[in-house]
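One-letter residues, chain by chain:
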Amino acid sequence: MRVRSLGAAVVATVVLLASPATGQSVQYTSPAGVAYRAQADTGPVARAQAALASDPRNIDRILALGAAQSGARQFREAIATYSRGLAIDPNNAMLLRWRGHRHLSVRAFDQAMVDLTRGAAIDSTIYGIWYHLGVVKFVRGDFAGAADAFARALPRAPDPGELAGSTDWLWMSLARAGRGAEARAHLDRRTDSLKTTVAYAQRLRLYRGEIGPEQVLTPADTADVQLATLAFGIGNWYLVKGDTAQARRWFERSVQSGGWPGFGFIVSEAELRRLR
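Residues numbered from 1 in each chain as written. Predicted model: local features only at pLDDT ≥ 70, side-chain atom pairs only at ≥ 80, totals over all residues. Heavy atoms only, no water.

The next subject is the packing of helix α5 (residues 93-105) against helix α7 (residues 127-139). For the pair α5 and α7, the least separation of the axes is 10 Å and the interaxial angle reads 25 degrees. In terms of their interaxial angle, α5 and α7 are classed as roughly parallel. Between α5 and α7 lies a crossing of left-handed hand. Seen from α5, the contacting residues are Ala93, Arg97, His101 and Leu104; seen from α7, they are Gly128, Ile129, His132, Val135 and Val136. Each residue belonging to the contact of α5 with α7 can be placed in one class, and the counts come to 5 nonpolar, 3 polar and 1 charged. (Axes fitted to C-alpha atoms, helices over the stretch in contact; angles between N-to-C directions. Helix = DSSP H or I, 4+ residues; strand = E, 2+ residues; numbered from the N terminus. Parallel < 35°, antiparallel > 145°, perpendicular 65-115°, else oblique. Left-handed = near helix turned anticlockwise from the far one by under 90°. Contact = heavy atoms within 4.5 Å. Nonpolar A, V, L, I, M, F, W, Y, C, P; charged D, E, K, R; others polar.)

Following this line, the structure appears as structure tokens:
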């Protein structure tokens, strides 16, 4: 009975937070005092809420609501939704994977680490657990730990875009861990050979010397998260080369993009703190 009561309380909280009046709730406030907000629901969240209301203990519908909320950058609301699911099924690794991811989105790094580590102990085959665990470790400056996580993620990548992403992050992690020879050998293996147009594919071309830093961003790159992702990649490339001035400039550009949910933005914030 207690679990039912907790679930009902969380549902009430989610409905309140995701209502039109509060659909642009503050999700994250930067150290500089900039408040980043959720987007208003255009329909998917309301539909997912209605579906869940008809079967409130259905984990698939809980996951669907969390995904809809995340699509509207309602990450704190999604965390509450996944917490509701975990009250029903405490050992559900997929719920832990997604809640850990969304803790990362709002910069709750300790909570993200706890969820993702626990999820990996329950089910070590889930790609998203290892990938996001790698990002959390990279943010924390544990580059060797990040390399281990991305090495585990890479063979589990579900599509060409994710394959490029895990290839990219593994190179960055190895390079930042001082394992340059391994990083170069990793690029030479071309594990990202499947065609994709994601931002990581463009960054990998930079790492391999196929394009210069001035060619990474194109006129088509206007979306805020895309800009944050590409700018961070350029900044990290300069940092690996020892050019901290250029690295700082590109990390600042990543943060100025406004793409606050992007991992490039999140890690750029961390890198700027490290460069002080």
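To continue, consider the pattern of salt bridges. Counting across every chain of the model gives 12 salt bridges. The closest approach of N and O atoms between Glu182 and Arg179, which form a salt bridge, is 3.0 Å. A relative accessible area of 30% places Arg179 in the partly exposed class. Taken together, the shared-partner salt bridges in this structure form one network comprising Arg176, Glu271 and Arg274. (Salt bridge = Lys/Arg side-chain N within 4 Å of Asp/Glu carboxyl O. Buried < 20%, exposed > 50% of the residue type's maximum accessible area, 1.4 Å probe, protein only.)

Right, let's get into the environment of Arg176. Of note, Arg176 is situated in helix α9 (residues 160-176). In this structure Arg176 comes out as buried when scored by relative accessible area, which is 19%. Each C-alpha atom, one on Arg176 and one on Val240, is 6.6 Å from the other, the two residues being 64 residues apart in sequence. In this structure the side chain of Arg176 is engaged in a polar contact, spanning 2.7 Å, whose partner is the side chain of Asn236. (Polar contact = N/O pair within 3.5 Å; in protein donor to acceptor, adjacent residues only side chain to side chain.)

Our focus in this paragraph is the nonpolar core. Tyr131 and Trp169 are the most contacted members of the largest nonpolar core, which has 57 residues in total. When residues in this core are grouped by element, the largest group, 9 residues, is from α7. Among residues more than four places away in sequence, those in contact with Tyr131 are Phe150, Ala153, Glu162, Gly165, Ser166, Trp169, Tyr200 and Phe263. Listed in part, the 13 residues of the second largest apolar core include Ala48, Leu52, Leu65 and Leu96. (Core = buried A, V, L, I, M, F, W, Y, C linked by side-chain atoms within 4.5 Å.)

We now examine the side chain of Arg73. Mapping Arg73 onto the fold places it in the loop between α3 (59-71) and α4 (75-88). Residues within four places of Arg73 in sequence aside, it is in contact with Gln27, Ala38, Gln39, Asp224, Val225, Gly258, Trp260 and Pro261.

Let us now look at α5. For α5, built from 13 residues, the straight-helix expectation of 18 Å at 1.5 Å per residue is met to within 8% by its first-to-last C-alpha distance of 18 Å. Among the 13 residues of α5, 11 are classified as buried, and the element is accordingly described as predominantly covered. If you check which residues of α5 are buried, you get Ala93, Leu95, Leu96, Arg97, Arg99, Gly100, His101, Arg102, His103, Leu104 and Ser105. Where α5 is buried, its residues contact α3, α4, α6 (109-122), α7 and α14 (263-274). Among the residues of α5, the N-terminal cap falls to Asn92, whose side-chain oxygen and the backbone nitrogen of Met94 are separated by 3.0 Å. Just past α5, the residue Arg107 takes up positive phi, approximately 70 degrees. (Expected span 1.5 Å × (residues − 1).)

A few words on the packing of aromatic side chains. On inspection of all chains with the given rule, the structure shows 15 aromatic pairs. Ring geometry for Trp169 versus Phe232: centroids 6.0 Å apart, planes at 25 degrees, classification stacked. One end of the pair, Trp169, is in helix α9; the other, Phe232, is in helix α12 (residues 224-240), and 63 residues separate them in sequence. Given a relative accessible area of 0%, Trp169 falls into the buried group. Taken together, a centroid distance of 4.0 Å and an interplanar angle of 20 degrees make the contact between Trp171 and Tyr207 stacked. (Phe/Tyr/Trp six-rings, centres within 6.5 Å; stacked < 30°, edge-to-face > 60°.)

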